[in-house]
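Observations on the three-dimensional arrangement
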Amino acid sequence: MSDLPTRLRSKRVRLSLEKAKELRLKRVRPDPSGRLALREARLERELRLAKERIATLSRLAYLDELCGVPNRRAFNDEVRRTRERIRRHGGQAALVLFDVDRFKSVNDDHGHAAGDAVLAAIAQTIATSLRASDFAARIGGDEFAVILHQIEEVNAQAKAALICSRIAALPISTRTGDVAVTCSVGVSLLTARDGDDPLLQADQAMFQRKRLGQAGLLPRAEASGHPLLSTVEHHLEGAARR
């Protein structure tokens, strides 16, 4: 699909040239039989349908069909746009990487349909936990990435913690029984420097948390009495209200 935009543009240009040729013929020759008018109408209809197909294909090229969120291609574009905004206007952004823990066992124990349902539920949980200005994508397999705009690192960490807790509390029912999942998470800052790889940095941060045994977060601060998660959730909810 790497040359899809080029093919779409070529199709559109070819149809436009055909229509222009027909219009020139109409101006040069009279059309008492109405044949040129019919051909013009046909070409206009084909051009309209082609534009609709181009719009649909363009949308699908940047969409993960399973989860209904942007895909890796769209994510890469958003990273470039974010860097350009930071370069022009300043500010900062954060990248959060989520990886579903032991996702292979979900597929093995409950089937691939259940695994698809888990991914879709996680995608929607992430998307509905963000501000309108933020960006979420499924970047492959069981990995999701989020770009948080105009945010301090401590707030990005808090947002990641809250989303992890919401994912862990998800009620996911399948034909083979209920499925509970957790996520590992890594956070990095996204800067204007093109040489930086924020996705790699977030992945390294996630690996470090896994190595220290801190990959997942407790699903319910109230039930566990975990002071750090309770503080994080309180801080984030307050930040969201502001």
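Residues numbered from 1 in each chain as written. Predicted model: local features only at pLDDT ≥ 70, side-chain atom pairs only at ≥ 80, totals over all residues. Heavy atoms only, no water.

**Here's the deal with the pattern of salt bridges**
What counts here: Throughout this description, the term salt bridge denotes a Lys or Arg side-chain nitrogen within 4 Å of a carboxyl oxygen of Asp or Glu. A helix here means a DSSP run of H or I that spans at least four residues, while a strand means a run of E at least two residues long, and both kinds are numbered starting from the N terminus. Classification of residues uses two cut-offs on accessible area relative to the type maximum, computed with a 1.4 Å probe and protein chains only: under 20% is buried, over 50% is exposed, and between them is partly exposed.
The final tally for this structure, using the stated rule, is 10 salt bridges. The partner of Glu-46 in a salt bridge is Arg-42, and the shortest N-O contact between them spans 3.2 Å. Taken as a pair, Glu-46 and Arg-42 lie in helix α2 (residues 35-61) at a separation of 4 residues, close to a single helical turn. We classify Arg-42 as partly exposed; its relative accessible area is 32%. Across the salt bridge formed by Glu-84 and Arg-87, the nearest N and O atoms sit 2.8 Å from each other. Of this pair, Glu-84 and Arg-87 both sit in helix α3 (residues 72-89), separated by 3 residues, roughly a single helical turn. Using a relative accessible area of 40% as the deciding quantity, one classes Arg-87 as partly exposed. Several salt bridges share partner residues, and in doing so they unite Glu-78, Arg-81 and Arg-85 into one network.

**Focus: the packing of helix α5 (residues 112-128) against helix α6 (residues 153-168)**
Just so we agree on the cut-off: Geometry is summarised by axes, namely lines fitted to C-alpha atoms with helices restricted to the contacting stretch, and by angles between N-to-C directions that run from 0 to 180 degrees. Rotating anticlockwise by less than a right angle from the far helix to the near helix defines a left-handed crossing, while the corresponding clockwise rotation defines a right-handed one. Here, residues are in contact when the closest pair of their heavy atoms is within 4.5 Å. Put simply, Ala, Val, Leu, Ile, Met, Phe, Trp, Tyr, Cys and Pro go in the nonpolar bin, Asp, Glu, Lys and Arg in the charged bin, and everything else, Gly too, in the polar bin.
Between α5 and α6, the least distance of the axes is 10 Å, while the angle of their chain directions is 145°. In the packing of α5 onto α6, the handedness of the crossing is right-handed. Residues Ile-122, Thr-125 and Ile-126 of α5 touch α6, and the partners they reach there are Ile-163, Arg-166 and Ile-167. When grouped by side-chain class, the residues that make up the contact of α5 with α6 number 4 nonpolar, 1 polar and 1 charged.

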